[in-house]
Amino acid sequence: MTARTPEEVVAHAAAAPDLARLDAEVSDCFACDRLVAWREKIARERRAAFRDQEYWGRPVPGFGPADASIGVLGLAPAAHGGNRTGRLFTGDRSGDVLFAALHRAGLANQPLSVAADDGLTVAHTRLFAPVRCAPPDNKPLPSERDTCAPWLHRELSLIRPTLRVVIALGAFAWAAWWPVLTRVYGVKAPVPRPKFGHGAEVEMPGVPTLLGCFHVSQQNTFTGRLTPVMLDEVLARAKAVAGLA
């Protein structure tokens, strides 16, 4: 069933009995007209380097096992990354940085992620985004974030039994976490909200620990704002919180 309105997103997300069904529902969402138009435009026109490839051009579901103890919360799929390959952080420079770090941490079986069928697997880790479609200028609107939120909330509900820690990649992901507390865990978000920062950590009873990390975007990695060592330290902390260290 295709979700074409915010109300249908709520209903379809709530009805998904497992991650496989949820991922299928996410991939067939048409609820945000601006995002649908953009993702399909990019898929039609394509970047010259990928001219001979068939773009995914649809919403991108989460990736990782159903019993994950670590969550990695990003922003949205990249126009020529996840929107092309159909898997988050796959086929773009951000993914190169992230999966190399996950591999160093023993959480991925290989350091590169270039295509959905490249054999990559992740252990103990689930990757997801607050917005499931590639947005223009990589900037989703608040209304698009809110429309997409039920997908994230249902995903977190399904992995709730094992999830121990969530890494928020950037301020957008950090802000997207607070509604999860009420929707998924029945806990009021703190007021004022804890400030995002690299290495920030928020512990609350009954909910996963939240860790802040600068996003793995080229803007951060090319300028040295986020280094491999800094990313390794966040992943090491996440493993320790999850009991994997």
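This write-up is about the structure you can find in this document. (Residues numbered from 1 in each chain as written. Predicted model: local features only at pLDDT ≥ 70, side-chain atom pairs only at ≥ 80, totals over all residues. Heavy atoms only, no water.)

**Concerning the layout of surface pockets**
Where empty space is left can be seen by rolling a probe of water-molecule size over the atoms.
For step 1, the next point in the chain: In this structure, the largest pocket occupies an estimated 850 Å³ of space.
For step 2, the next point in the chain: Along the walls of the largest pocket sit 33 residues, with A78, S94, N138, H215 and S217 positioned nearest its centre.
For step 3, the next point in the chain: Looking at the lining of the largest pocket residue by residue, the class counts come to 16 nonpolar, 11 polar and 6 charged.
For step 4, the next point in the chain: Computed from the structure, the second largest pocket encloses a volume of approximately 380 Å³.
For step 5, the next point in the chain: Around the second largest pocket sit 17 residues that line it, and D146, A149, P150, H153 and R183 are the ones nearest its centre.
For step 6, the next point in the chain: Broken down by secondary-structure element, the contributors of at least two residues to the lining of the second largest pocket are α1 (6-15), α6 (142-159) and α7 (171-185). (1 Å grid on protein atoms, 1.4 Å probe; cavity = no way out; pocket = protein on both sides within 12 Å on 5 of 7 lines; lining within 4 Å. Points joined across faces, edges and corners; volume = space filled by probe spheres on them. Nonpolar A, V, L, I, M, F, W, Y, C, P; charged D, E, K, R; others polar. Helix = DSSP H or I, 4+ residues; strand = E, 2+ residues; numbered from the N terminus.)

**Quick notes on empty space enclosed by the protein**
For step 1, the next point in the chain: Taken as a whole, this structure holds 2 cavities of 30 Å³ or more when the rule is applied.
For step 2, the next point in the chain: Taken as a whole, the largest cavity spans an internal volume of roughly 100 Å³.
For step 3, the next point in the chain: In terms of lining residues, the largest cavity is bounded by 16 residues, among which C29, C32, L35, C133 and C148 are the most central.
For step 4, the next point in the chain: Contributions of two or more residues to the lining of the largest cavity are made by α3 (33-45) and α6.
For step 5, the next point in the chain: Take the lining of the largest cavity: its biggest share by element is 4 residues, from α6.

**Looking at the sheet that holds strand β4 (residues 201-202)**
For step 1, the next point in the chain: The mixed open sheet is built from 5 strands, whose spatial order is β2-β1-β3-β5-β4. This sheet does not close on itself; its edge strands, each paired only once, are β2 (125-128) and β4.
For step 2, the next point in the chain: Pairing analysis gives 4 bridges linking strand β1 (residues 70-73) to strand β3 (residues 165-169), with the strands arranged parallel. Each bridged residue has a counterpart across the sheet, and for I70 the counterpart in β3 is V165.
For step 3, the next point in the chain: Set on the sheet, helix α9 (residues 228-241) makes contact with β1, β3, β4 and β5 (209-213); between it and β5 the angle comes to about 175°. (Pairing = 2+ DSSP bridges. Contact = heavy atoms within 4.5 Å. Axes fitted to C-alpha atoms, helices over the stretch in contact; angles between N-to-C directions.)

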